[in-house]
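Breakdown of the fold
Read off the chains here:
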Amino acid sequence: SLVRIFSSLSKVNVNKPPAERSRLYFLLAWLHSIILERLRYTPVGWTKTFEFSEADYRCAVNIVDEWVDRVAQERLNVKPEDLPWGAIQTSLRT
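Overview of the structure. (Residues numbered from 1 in each chain as written. Predicted model: local features only at pLDDT ≥ 70, side-chain atom pairs only at ≥ 80, totals over all residues. Heavy atoms only, no water.)

Regarding the side chain of R21
Rules: By definition, any uninterrupted DSSP run of H or I lasting at least four residues is a helix, any uninterrupted run of E lasting at least two residues is a strand, and each is numbered from the N terminus. Contacts described as polar in this section are N or O atom pairs within 3.5 Å, which, within protein, must combine one atom able to donate a hydrogen with one able to accept it, while residues neighboring in sequence count only if both atoms come from side chains. Residues are treated as being in contact if the distance between any of their heavy atoms lies within 4.5 Å.
With respect to the helices and strands, R21 occurs in helix α3 (residues 19-38). At a separation of 3.5 Å, a polar atom in the side chain of R21 contacts the main-chain carbonyl oxygen of K16. Ignoring sequence-local partners within four residues, the contact set of R21 consists of N13, K16, D65, V68 and D69.

Structural notes on α3
Put simply, the rule is: Expected span of a helix: the number of residues minus one, times 1.5 Å. Categorising residues by exposure relies on relative accessible area from a 1.4 Å probe, with only protein chains included: less than 20% of the type maximum marks a residue as buried, more than 50% marks it as exposed, and the intermediate range marks it as partly exposed.
In a regular helix each residue adds 1.5 Å, so 20 residues correspond to 28 Å; α3 covers 30 Å between its end C-alpha atoms and thus fits that length. Burial in α3 covers these residues: E20, R21, L24, Y25, L28, A29, H32, S33 and I35. Contacts from the buried residues of α3 go to α1 (2-7), α2 (11-14), α4 (54-72) and α5 (85-93).

Let's talk about the layout of surface pockets
Test applied: Every definition here rests on a 1 Å grid over the protein atoms only: cavities are sets of points where a 1.4 Å probe fits but cannot get out, pockets are open sets enclosed by protein on both sides within 12 Å along at least five of seven lines, and lining residues have some atom within 4 Å of a point. Grid points are joined across faces, edges and corners, and a volume is the space filled by probe spheres set on the points.
There is about 300 Å³ of room inside the largest pocket. Sorting the residues of the lining of the largest pocket by element identifies α3, α4 and α5 as the ones contributing at least two each.

Some words on the environment of W67
With respect to the element layout, W67 can be found in helix α4. With a relative accessible area of 22%, W67 lands in the partly exposed category. Distance from W67 to W85, taken between C-alpha atoms, is 9.3 Å for residues 18 residues apart in sequence. Leaving out residues up to four positions away in the same chain, W67 has contacts with L83, P84, A87, I88 and S91.

What about the pattern of salt bridges?
How we decide: Note on definitions: salt bridges are taken to be side-chain nitrogens of Lys or Arg within 4 Å of carboxyl oxygens of Asp or Glu.
Here the structure, examined in full by the defined rule, presents 6 salt bridges. Here R21 and D65 are joined by a salt bridge, their closest N and O atoms 2.7 Å apart. Of this pair, R21 sits in helix α3 while D65 sits in helix α4, and the two are 44 residues apart along the sequence. This pair shows no difference in class: R21 is buried, exactly as D65 is. A salt bridge links D69 to R21, with the shortest nitrogen-to-oxygen separation between them at 2.5 Å. Of this pair, D69 sits in helix α4 while R21 sits in helix α3; the two residues are 48 residues apart in sequence, bridging distant segments of the chain. Exposure remark for R21: the relative accessible area of 0% places this residue in the buried category. The network of salt bridges with common partners includes K16, R21, D65 and D69.

So, in structure tokens, the structure goes:
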């Protein structure tokens, strides 16, 4: 599911600067895949269920895009500490 969800993104967005954008896309795809994989193991001890549908994934990608674009301002790279992680986390929790 990791390859499928990551390949669902357009190559234009993945290759769009800054380079950190594609890394964040990969992390979101990885998180999505882990959560979906956990659903298989609910009967053997995973007691909490989490939902992270493809719609949630696309929304998260849009949030990342918005914040990366605001911080990057057409630069090729962005320092990770310059990204507003608190705002991104808050946006993804709701």
